[in-house]
Structures are given as C-alpha cells and as structure tokens.
Amino acid sequence: MDYPIDISVKPEVTGFFDPQTHTISYVVKDPASNSCAIVDSVMDIDYAAGRITYEHADELIKFVEDNGLKLEWLIETHVHADHLSAAPYIQEKLGGKIGVGEHIVTVQNVFGKIFNEGTEFQRDGSQFDALFKDGDTYEIGSLKVFAMHTPGHTPACMVHVIGDAAFVGDTLFMPDGGSARADFPGGDAATLYDSIMKVLALPDETRLFMCHDYGPNGREIAWETTVGEERKHNIHVGEGKTKEDFVKFRTERDATLAMPNLIIPSLQVNMRAGEIPTDDDGNPMLKVPVNGL
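It should be emphasised that the depicted structure is a prediction, and the values quoted were computed from it without experimental measurement.

Caption draft 1: Local environment of the overall build of the protein. Helices and strands together make up the secondary structure of the protein, namely 7 helices and 14 strands. Taken over the C-alpha trace, the protein has a radius of gyration of 18 Å; the compact-globule value for 293 residues is 19 Å, and the two agree within 12%. Over its C-alpha atoms, taken along the principal directions, the protein stretches across nearly 55 × 50 × 40 Å. Pairs at least 24 residues apart make up 67% of the contacts formed inside the protein by residues separated by at least 6 positions. Total accessible area on the protein is roughly 12600 Å²; 50% of this is exposed by carbon and sulfur atoms. Charged side chains in the protein number 24 positive and 47 negative. The centres of these two groups are separated by 3 Å.

Caption draft 2: Fine view of the nonpolar core. Membership of the largest hydrophobic core comes to 37 residues, with the highest contact counts inside it found for Val 27, Ile 38, Leu 74, Ile 90 and Leu 267. Taken together, the elements giving at least two residues each to this core come down to β3 (35-39), α1 (55-66), β6 (70-75), α2 (87-94), β7 (97-101), α3 (104-114) and α7 (263-270). Setting aside residues up to four positions removed in sequence, Ile 90 forms contacts with Ile 38, Ser 41, Ala 57, Leu 60, Ile 61, Leu 71, Leu 74 and Gly 95. In this structure, Val 168, Val 199, Leu 202 and Val 237 belong to the second largest nonpolar core, which totals 22 residues.

Caption draft 3: Local environment of the packing of aromatic side chains. All told, the structure shown has 13 aromatic pairs when counted by the stated rule. With 5.4 Å between their ring centres and 70° between their planes, Tyr 26 and Phe 209 make a pair best called edge-to-face. Of this pair, Tyr 26 sits in strand β2 (residues 23-29) while Phe 209 is found in strand β13 (residues 207-209), placing the two residues 183 residues apart along the sequence. The same class applies to Tyr 26 and to Phe 209, which are both buried. A centroid spacing of 5.1 Å and a plane angle of 15° characterise the contact between Phe 167 and Phe 209, whose relative ring orientation is stacked. Linking Phe 167 in strand β12 (residues 165-167) with Phe 209 in strand β13, this pair joins segments that are 42 residues apart in sequence. An identical accessibility class is assigned to Phe 167 and Phe 209; each is buried. Here the aromatic cluster, defined as three or more aromatic residues joined through ring pairs, consists of Tyr 26, Phe 167 and Phe 209.

Caption draft 4: Here's a closer look at the environment of Gln 127. Note that Gln 127 resides in the loop between α3 and β8 (130-132). The class of Gln 127 is partly exposed, set by a relative accessible area of 24%. Distance from Gln 127 to Met 271, taken between C-alpha atoms, is 8.4 Å for residues 144 residues apart in sequence. Other than its neighbours up to four places away in sequence, Gln 127 contacts Gln 108, Phe 121, Gln 122, Met 271, Arg 272 and Ala 273. Engagement of the side chain of Gln 127 in a polar contact is seen with the side chain of Gln 108, the distance being 2.9 Å.

Parameters and conventions
Residues numbered from 1 in each chain as written. Predicted model: local features only at pLDDT ≥ 70, side-chain atom pairs only at ≥ 80, totals over all residues. Heavy atoms only, no water. Helix = DSSP H or I, 4+ residues; strand = E, 2+ residues; numbered from the N terminus. Rg over C-alpha atoms; globule rule 2.2 N^0.38 Å. Contact = heavy atoms within 4.5 Å. Areas by Shrake-Rupley, 256 points an atom, 1.4 Å probe, with all protein chains shown as cover. Lys, Arg positive; Asp, Glu negative; His and termini not counted. Charge placed at Lys NZ, Arg CZ, Asp CG, Glu CD. Core = buried A, V, L, I, M, F, W, Y, C linked by side-chain atoms within 4.5 Å. Buried < 20%, exposed > 50% of the residue type's maximum accessible area, 1.4 Å probe, protein only. Phe/Tyr/Trp six-rings, centres within 6.5 Å; stacked < 30°, edge-to-face > 60°. Polar contact = N/O pair within 3.5 Å; in protein donor to acceptor, adjacent residues only side chain to side chain.

Put into structure tokens, the structure is as follows:
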C-alpha cells in the first residue's frame, strides 16, 4: 500500500515517562493550531492493593490545559499488556475520540474467552470511537495522520504516522533494545519482522517514538530515534539480520520471558478502551484466570 508520507510536516511532540511501567505517553500538537492528540496514556494501579489512581493522566491533562490545547484524539497503538489506559478518564475531562486498530475485535474474542466474559461484553470494538484500518487517515487540526497495520506483537498493533513522526507502539524498541516479544495469543515473530520492515521502509529521517524503554545496560531512558538509526543499529533487525535470524532469536528469547506484572488487569481494562469491568452489582472488579495465559 502507498501511504501518504509528508516528512516536511513536523508535529510538536512531548513525551511523559511512567517509571512504574516504563511507558512513554505523548502529547502531539499541530504546529499550525492548538489541536493535539494523546498517544498511549497510562492509568496508575497498585495491583496488590486493588487501587486505581490517576497521577500520570493528570499530568497529561495539566499539560494540555496549561498550554491551551484542544484534545481531538486519544490514540491506543494496541491493547497493552503492561499498563492500563487512562483514555476514558482523560476523555471525560478534555473530550476527544478514542481510536484503536480494527483488529481489536480479534483481541476481544481471544481474551473474552480467557477471562470468561459474558454476552454483555461486546466483541465488536464498539467501546472505541474509531477503529482504524491499514492506510486510514484522520486529522489533528491541520495535521494529516495515517495508520499503518503492524501486527506481530499483537493482532491489533498500529503505527500512527504524523508528518515526520511515527508512533510505533511495541512494534520496535530503541536500537539497543531491539524489539518486543511476539508470544502473546495472536502474536507471531515472522509477522512482527514483516511489520518492522514496513516501518523501516519509511524515510530515513522519520522520527520514531517508542511506547516503552527500559534503559538497557544502565543507559538513561530514551524514547526517540530515527528510521535510519534503527536500520543501521537495531540489535534484532538492523543491517544483516535476516527474517530467519529474527524468528529464531525472538522465539528462543520469548520462551525465557515471564509474563508482564500487569498483564491480567491490563488486558481486561484495555480491551474495553480503558474502562474497568464491573460485577453484577456495578462494582469495579477484575478477574484472575487460573492457568489461562
């Protein structure tokens, strides 16, 4: 597919790092107006105590309000397994539409069964305001955005390209971090490699913004690089790494990884667009499937 690339457009990007989950959320501003989007927001959870708070989301809200911005979109790059989305909380305060890839329905069907959700749990993506197909476009003020389907980590992963900036979710990490795991239900290492190659086909100077960074080898946390840097230096897919090399490495590596600490609450909340499920009496309640993941 031919994507509408225009790297002459340079959105203003501000990153917010959450140290608990190593997630970076972004406010993306149209330089020609006060319109903005938020990408991959975080809701705070003390899982052991069963307590939800909103410090990280409030920081994003304060930034938007202090700078007189108008929030138009809340973008989820995928259904995260390591943090909970704060999109509904932010939407209630600031407005905007919540968007995710159309293959959210695949994720909802898979995990709807794992979490034994009843028929009241809709598996059609209707919890979200917009479901993006590969190549779909939308606007943030005067900014033109296109969505690129990049499955492999999950079936619903999308990279959102805004001018010279691309928000890659978990499709890629920083060059010294490599790539994300591909062993969750619906994940596939070969598919992830193909998706990464789609991203690395963007112009060299395209800025890439990560959803996570873990500071490999003790370096400072970082979340911005370029397509050119990833092509040259990414330790999993850089120059000389074949698809076969990647699949072998990723499969062996994934077999050694523990489940993310917050995978059980994250999936239940994020497949609902950030809403916390409730019991029959309307009380917020999370399930723990035994031997289900």
